[in-house]
Each structure stands twice: as C-alpha cells, then as structure tokens.
Amino acid sequence: MRITAEGLSWLASGTPVVRGVGLDIAPGETVGLLGPNGSGKSSLLRCLAGLRVPDAGTVRYDGLPVRDWSARRIARRIAFVEQDSGLDTDLRVADVVGLGRTPFRDRLHGPDATDRAVVAAALDRVGLTALAGRSWRGLSGGERQRAHIARALAQQPYGLLLDEPTNHLDVRHRLELMELLAGTGQTVLVALHDLTLAARYCDRLLLMHHGRLIASGPPAAVLTTEHLAGIFEVDAELATDALGRPAVCYRGPLRPAVPASATATPPEPAPAPAPRPVSTLREGTS
Amino acid sequence: MSADPGTVDLLLPAARDVRVDGAPSRRVRAGRAGGPARTGLFLAGVLVLAVSVAAGTRIGAADVGWTDLGRVLGARLGLGTEPLPPLLDSLVWDLRLPRVLMAALVGASLAVCGTVLQAVTRNALADPYLLGVSSGASAGAVIAAVLPLALAGPGAGALGVTGGALVGALLSFGLLLALLRRTGLDSVRIALTGVVVGQLFTALTSLVLMASADADTTRALTHWLLGSMAPARWDAVAVCALVTPLGLAAAWLCANSLDGLAFGADTAASLGIGVRRTRMLLLVVTAVLTSVAVATVGAIGFVGLIVPHGVRLLVGPLHRVLLPHAALAGAVFLVWTDALARVAFAPREIPVGVITALLGVPLFLVVLRRKGEL
C-alpha cells in the first residue's frame, strides 16, 4: 500500500507539532522515521494512522484520502503500534494479540477458527507461542513489545506504522524485530532512535526536526555528520558496515553540559498560549 | 520466527479470505475454560439465580414454605391453586417477591455497570457511583423529602423520594456531560470529573439534611442513603425490568470494544473502535441503569466493585464472557445479601448496603490477594 501525505500540519493546544509534512512511501518500502525527542515523529505517525485529524493537509492510502474513513475501515488497511505504556491488564497474551482481529469481527461474535489460526501465526512470527496463555502482568517489557507487534500483524495489515517499537528490546530482539518488519514485504514506517539500526534495515530514512521533514533518502544520504551535529546535537563519526550502510560511532554530545539555570530562562517572555481550536481536541477518531 | 514456505502466510492481507476450518493446528487457548465449558457455567449460573430468587422469597421475618410459595404463585398467576390467607398472600406477593426480583435486577445492573466503568476509566477501583450519579440521586431524594413537593395522598412521600432521586441522578449526569463536553472523554478525566460532581451533590445533600430535615425524615432518609431493598414494589420492579435488560444488552454489544480499550484510546482507535462514541454510549447506559436502581433502593455499595473483580478471576477479562457472568453473579449476590439483611437481626431489618459493605471488604481483600496485588 502506498502511503502519501501532502502539506500535513497538526497543532497541539495551538502549538504546531507537525508542520507542512509531505511524504510518499512506496508499497513494500521499509522507511525509518528519525528525529530527536519532540521533533513530531509520534504525532506524524498518529496523523498517518488516522488517529489525529490533521489541521491541514491530506493523508492518502493508495491515492485515496482517508479523512472521512471510519476507524474500522482504516484499521483494516493499517496497523499502528504505540510505545508500550507499561499498563497492567488481566488479559492473556493470546487475548491481547486477538485484539488485532477486532476490525474483522462484528459486535456479536467472538473469535472463530480463522481468528485463532491468525493469532497463532502472529505469536509464532514474534516467537511468543510459548507465552500464549500467560497473563500480561507477568511479561517483561520486551515480551510486551513483541506481543504488540504480533497484535498488529494479526490485523493482516497492508501497512504498519510503529512508534519506537525497539525501545524495550535487547540487542538480539531488536535485530530480530527489524528483520521481521523489513521481511513482511508490506509498507512499513517505523520511528526509531537507534540510528545505526535504522540505517541497517530501512530502505529509506526520513529525518524530522521541529515538526518539519528536513531530509529523505537512502541511509547514507540522511545520516551525515552535518545532520548528526545540527539536528541530533551529537559529535559522531560515520563508518560503513559490511553491507555498505552507514554506522554511527558517537564521541559525545556536541555541546558541553550547561548549568540548568542558564537554559531554563528563555531570553524573551513566552507569548500567551492561543485558545485551543476545537479540531485539535478530538481524541482518536470518533 | 518465520512461516513455513509453501503454505499461505496467514499474516498477509492476501490471506484474509483463507478460511480455517475447525480447531487451529496449534492450540493457543490454554488455562481457562473454553466455549462449551463457559456455556455450561453460564447455564449453571442461571439455575443458581432461579433457585436463589425462589429461596430468597421464602426467607424473612415470617417464614414462607415452598408449598406456600407455590400456592401464592399458582393463585396469582391463575393456575387455580387455593390461595393463602390474605395477609400471608399479600406479604409474599406485594412485599417479598418484588423485593427479591428487584434485588436480582439491581445486583445485575450494578455488577455490569462496575465492569463497564472499570474498563472505560481503566481504573480497578471504579464502581457504578464513580460518575456521581448516586450523589445526585441522594441530593434529589433528600430535597424531595424535605420540601413538601408531594403532598397529595398517602404513598406520595415514597414516590417523591424516588422521583426526586431519579431527577437528581439525571441532573448530576447532565452536569457531568456538560463538564466533559468538548473533551476527548479520556479515562482520567471521566473519573476525576465524576468525583467532583459527586462531591458537589454530597455537599448539597448534607446541607439540606442539616438545614431543614427533622429527626424522623433524617432517619428515614438514612435508611435509603445506605441502600435498602425495603422500598421495592411492583412499579419499581416493572421500570427496572424494562430498563435493565436493555442496558445490559447495550453493554454486551460493546464487549469487543471494551476489550480494545484496555490499552488506551490510540490503540483502541487503531483497532477500528470509535472510542469517543463507545465511551459516550457506555456512560449514558451506566448512568441510566444506576439512576433507575438508586432511585428506588439507594446507593448499595460494593456490589459494583467486587463482583466484577471476582468474576474476572473466574472467567477471565474478555467482556463478551465477563459481562453476562458478572450480571448473574451480581444478581445472586444481592438476592442473598438482602435475605441476610432481613433475617440477621430480625425482627429489626438492616439496610442491605451495610451488609454488602461488611461482606464486601473482606471479599475484596481476598480478590486482591488472589490477583497478587496485596
């Protein structure tokens, strides 16, 4: 599925978080979304997943604008995995993965044989089959993250949007997860903090800063020492791995640590916050 | 970590039309009872409820035998059995039976409301009164009892309390919705706003009680405020019997969505759930169910808190299964606690709300311990 956006903007409490983003992700492409904290990656992903109504611009799946689509129609096209909130629930792992079947079930029906087979396949794909009957409470952070991925896969989606899915994972599971995502053959847009991991597995990288998309291209074109210094504010060198992909070797943060008091006071008084427009207050899609 | 080559990859969208017949090759379900066993449990629950209602009707200050019960029902339902003496007949038909049926309806209603609100607010401590509806009902009832609104004829006093309670409950819910208007109806905001609305109406209740009620009115109202089945009559049962099944059905239709809400609004919406619409519908359903219950029998505590937790331990957290079982368990629980309230200190009757709290606290501790949270 091709995911495109034109002139996408989204405001939170009157503050622009996503500013005029345009992108075009080809079917089957695995794209990494990079940027420092607060650069608008999560908000952009939520706009693309139909969870936020953009204040300007259009999101299209295969050329069709999704603005008026129901949540269910979107859920049958695309799966979204957010950062694990660490929430406890009494659900079992298989139940959580089974939630991925929600868009295909009507109100009166529980899981059927197909649902169970798909859930089993999804658990198998992320290596959690042995934990199917376990309570969510007993899972480690990494197991939860993989269960969320399995839940997304159980949606049989045409596209996957993931917000830092490798957060809680150890090295082996990070590599396995990225291999899994790149190997689905589906359109994948994944926000990542691990730059080397992104360069290793993504066909293309997008770089965000202050809500704008400022670079897009193959890993070697996006991961440059200028971007690392200017955007991520780190001093780093770039090496090339065995596959010809860039790998980042950090020397340290670019700016020396400044006392908190020096950065806490802005040079000029902040302007009064603008009144909250109604359109930004919607939560989810209703 | 990968699918077998040569077979259809079930996780690809292309496999959506692939139907899998029968049981999956790998048994994912483990631990809890499967479909047929659950149906059996539900039917057993229905049977227990029926027996409880019949048995509950026998229990009270005046003991009623099985044959007496049969004779009353037979005569009243036109089966031609010989009626009981008028006094006993009236006791069973006009007082005992509506009371027991009301207990079953209210118990089911409270348990389901608690289950739903625990999921909607993602708060294990949520109960049907979290929305402040019971405080609104109390304020309404107290104002109706104190102000001479219903002066016409005998029985108008009780009707005034019920009517006032219903109006108060709906007013407080209206205020809650007004405060939540234009918000995303997120879990924490619902809970906090409900608490604030509840506090406001509780203060109002105290104010009216302290300022204008005489000792007799205060005493009568205290009984109601603690929650008592004594005012249940056929008219209240009729209203409940009409509203409760509709509310329970509406909640049950949202069962799949309730499961999806477990991980918050964004994940739920990404699963195709209309989050705001679902939350709004469920708030209205629980408010109406609670209002109808509270208006007649007062705010009976703990049923809506412990029954959902207990039943979750038994049948698991999936709402398609949880909701019907919670309804049954709530009904049975309240029928028996009310029977206990009638006989424990006979001839004096204890408000059932006191009994549910006394039993509820230790039961809640047991549930928490079983869940490993204490």
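Keep in mind that this is a model prediction, so the values were computed, not measured.

Q: Hey, could you run me through the overall build of chain A in this one?
A: Scanning chain A from N- to C-terminus turns up ten helices and twelve strands. Expressed as a percentage of the 286 residues in chain A, the buried residues total 53%. Contacts in chain A between residues far apart in sequence, at least 24 positions, make up 64% of those at least 6 positions apart. Surface accessibility of chain A: about 11,900 Å² in total, with carbon and sulfur atoms responsible for 53%.

Q: Got a minute to help me understand the interface of chain A and chain B in this structure?
A: It is common to report an interface's size as the accessible area lost on association of the parts. In this complex, chain A contributes 66 residues to the contact, which on the side of chain B involves 52 residues. At the boundary of chain A and chain B, one finds three salt bridges. Between Asp-9 of chain B and Arg-125 of chain A there is a salt bridge, and its shortest N-O distance comes to 2.5 Å. Scanning the region where chain A abuts chain B turns up ten residue pairs in polar contact (both at pLDDT 80 or more).

Q: Is there a simple way to explain the environment of Ala-331 of chain B in this structure?
A: All names here are of chain B. The topology assignment puts Ala-331 in helix H13 (residues 319-343). For Ala-331, a relative accessible area of 3% corresponds to the buried category. Separated by 221 residues in sequence, Ala-331 and Leu-110 place their C-alpha atoms 8.8 Å apart. Not counting chain neighbours up to four residues away, the residues in contact with Ala-331 comprise Leu-49, Ala-103, Ala-104, Gly-107 and Ala-108.

Q: Looking at this model, I keep getting lost on the pattern of salt bridges. Mind explaining?
A: Opposite charge on two side chains allows them to pair when their charged atoms are near. Taken as a whole, this structure holds 22 salt bridges over all chains when the rule is applied. One salt bridge connects Arg-77 of chain A with Asp-62 of chain A, and the closest N-O pair in it is separated by 3.2 Å. Within this pair, whereas Arg-77 of chain A is found in the loop between helix H2 (71-75) and strand E6 (78-81), its partner Asp-62 of chain A is found in the loop between strand E4 (56-61) and strand E5 (64-65), the two being separated by 15 residues in sequence. Looking at Arg-77 of chain A, the relative accessible area reads 22%, which means it is partly exposed. When salt bridges with common partners are traced through the structure, they connect Arg-46, Arg-52, Glu-82 and Asp-163 of chain A together with Asp-266 of chain B into a single cluster.

Q: Would you mind going over the domain arrangement of chain B with me for this structure?
A: All names here are of chain B. According to the domain assignment, chain B contains domain 1 (117-299) and domain 2 (301-374). Of note, the centres of domain 1 and domain 2, computed from C-alpha atoms alone, are 19 Å apart. Contacts between the two partners involve 22 residues from domain 1, matched on the other side by 21 residues from domain 2. For the pair domain 1 and domain 2, the summed buried area comes to about 1,600 Å², and 63% of that belongs to carbon and sulfur atoms. Area buried by domain 1 at its contact with domain 2 is led by Gln-118, Met-229 and Trp-252, which between them contribute 30% of it.

Analysis parameters
- Residues numbered from 1 in each chain as written.
- Chains lettered and ligands numbered in written order.
- Predicted model: local features only at pLDDT ≥ 70, side-chain atom pairs only at ≥ 80, totals over all residues.
- Heavy atoms only, no water.
- Helix = DSSP H or I, 4+ residues; strand = E, 2+ residues; numbered from the N terminus.
- Buried < 20%, exposed > 50% of the residue type's maximum accessible area, 1.4 Å probe, protein only.
- Contact = heavy atoms within 4.5 Å.
- Areas by Shrake-Rupley, 256 points an atom, 1.4 Å probe, with all protein chains shown as cover.
- Salt bridge = Lys/Arg side-chain N within 4 Å of Asp/Glu carboxyl O.
- Polar contact = N/O pair within 3.5 Å; in protein donor to acceptor, adjacent residues only side chain to side chain.
- Domains from an automatic or database assignment.
- Buried area = accessible area lost by both parts, 1.4 Å probe.

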